[in-house]
Amino acid sequence: MPAKGKHRRPKTSPITRGFVAAGTSGAAIAIPLMGATGAHAAGKTAPVAASSHAAVTAAAVPAAYKAPHKPAAAPTTYSVVVGDYLSKIADEHNVRGGWKKLYEDNRERVGDNPSLIHPGLKLTLGAASKAKAPEKSQHREKSQDRSATKTATKTAAKASTDSGSAKSAPQTGSSGFTTPLDAATVITPYHLAGSMWASGYHTGVDFAASTGTTVKAVGPGTVVSAGWGGAYGNEVVIQHSDGSYSQYAHLSSLAVSAGQSVSGGQQIGLSGTTGNSTGPHLHFEIRTGPSYGSDIDPLAYLRQHGVTV
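Please read all numbers here as calculations on a predicted model, not as lab measurements.

> I keep staring at helix α3 (residues 98-105) and nothing clicks. Help me out?
Given 3.6 residues to a turn, an α-helix orients residues that are three or four positions apart in the same direction. Buried residues of α3: Trp-99, Lys-101, Leu-102, Tyr-103 and Asp-105, and no others. Close packing links the buried residues of α3 with α2 (86-92), α4 (107-110) and β2 (122-125).

Structure follows, in structure tokens:
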């Protein structure tokens, strides 16, 4: 038997239930016990589990991904060939912004008229944008075009009024020929020299005309072509009885078709700014053949047919 006054300390099992005796009368109260050691251990291991979870989560979320910087494509140089015009070049080489962006990037080389580029001219394709400067330049150019058009229209109206004729009265000759516009004010003359033109000079005359102005056949004849003319935009070409041809370019709409007979003064379309054009106007030519390169002085031709211009 154990020595008096000495008691053995019971050992608690971590996985079984036991009973703790209480009191001196021998009465006992059954108390279910949880595995103290297990519970104690669980409490101590919980932070470790949480710490492990945090580590796994941090490892699972990568640092912010940064896409590698892709440098912009370097500008290239293109040499103009016969038959080229800005809108064609822009389409074939996928120039963002079209021919207007191409012209903007090469304005110093092309000159003031984007319709007139010559073989051998070097153009830069894909030039970097110049912040807001080009927009201001383009806005200023358009404002100047509008101002020039308004001034030309007012001048024509005043001249017509001073001569005692109605503002819309056509300038018609005795032979059935007339001017292509009722108020025919020249803003770019024929044969104006310049290196920006393939021929070295302006092959027609430009008349001031706001978009939607009626354009007329200058004399009787047959429509040779009516449709898209590349850099000339929408155009009409008419063969006259004397064998000459008249051309009307940059039209906003057409009122005739190929093969149709027209009379002098008949409406053939409306003026506009289609094709390579910096603003609304009518480009007018007289030719000895139906195609580009056979031009003659258009104003002298009209005067020979009795038209005052």
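Here the narrative resumes, following the displayed structure.
> What's the story with the side chain of Ser-246 in this structure? I'm lost.
Take Ser-246: it is sitting in strand β8 (residues 245-254). A polar contact of 2.7 Å, which involves the side chain of Ser-246, links it to the side chain of His-240.

> What exactly am I supposed to notice about the packing of aromatic side chains here?
Between two aromatic rings, the relevant description is the distance of the centres plus the angle of the planes. Counting across every chain of the model gives four aromatic pairs. A centroid spacing of 6.0 Å and a plane angle of 75° characterise the contact between Phe-177 and Tyr-301, whose relative ring orientation is edge-to-face. In this pair, Phe-177 is assigned in the loop between α5 (133-162) and β3 (186-188) and Tyr-301 in helix α6 (residues 298-304), connecting sequence segments 124 residues apart. Residue Phe-177 shares its accessibility class with Tyr-301, and that shared class is buried. Centre to centre, the rings of Tyr-190 and Tyr-201 are 6.2 Å apart; their planes meet at 80°, and the pair counts as edge-to-face. Taken together, the residues Tyr-190 in the loop between β3 and β4 (205-208) and Tyr-201 in the loop between β3 and β4 connect sequence positions eleven residues apart.

> For this particular structure, what's the right way to read the pattern of salt bridges?
Once the charged atoms of two side chains with opposite charge are near each other, the side chains can pair. Overall, the coordinates contain three salt bridges when judged by the stated rule. For Asp-105, the salt bridge goes to Lys-101, with nearest N and O atoms at 2.7 Å. Here Asp-105 and its partner Lys-101 are both found in helix α3, four residues apart, which amounts to about one turn of the helix. Judged by relative accessible area, Asp-105 falls into the buried class, the value being 17%. What makes Lys-101 buried here is its relative accessible area of 16%. Where Asp-182 meets Lys-216, a salt bridge forms, and the shortest distance between an N and an O atom there is 2.7 Å. Taken together, the residues Asp-182 in the loop between α5 and β3 and Lys-216 in strand β5 (residues 214-216) connect sequence positions 34 residues apart. On the basis of relative accessibility, which here comes to 7%, the residue Lys-216 falls in the buried class.

Analysis parameters
Residues numbered from 1 in each chain as written. Predicted model: local features only at pLDDT ≥ 70, side-chain atom pairs only at ≥ 80, totals over all residues. Heavy atoms only, no water. Buried < 20%, exposed > 50% of the residue type's maximum accessible area, 1.4 Å probe, protein only. Helix = DSSP H or I, 4+ residues; strand = E, 2+ residues; numbered from the N terminus. Contact = heavy atoms within 4.5 Å. Polar contact = N/O pair within 3.5 Å; in protein donor to acceptor, adjacent residues only side chain to side chain. Phe/Tyr/Trp six-rings, centres within 6.5 Å; stacked < 30°, edge-to-face > 60°. Salt bridge = Lys/Arg side-chain N within 4 Å of Asp/Glu carboxyl O.

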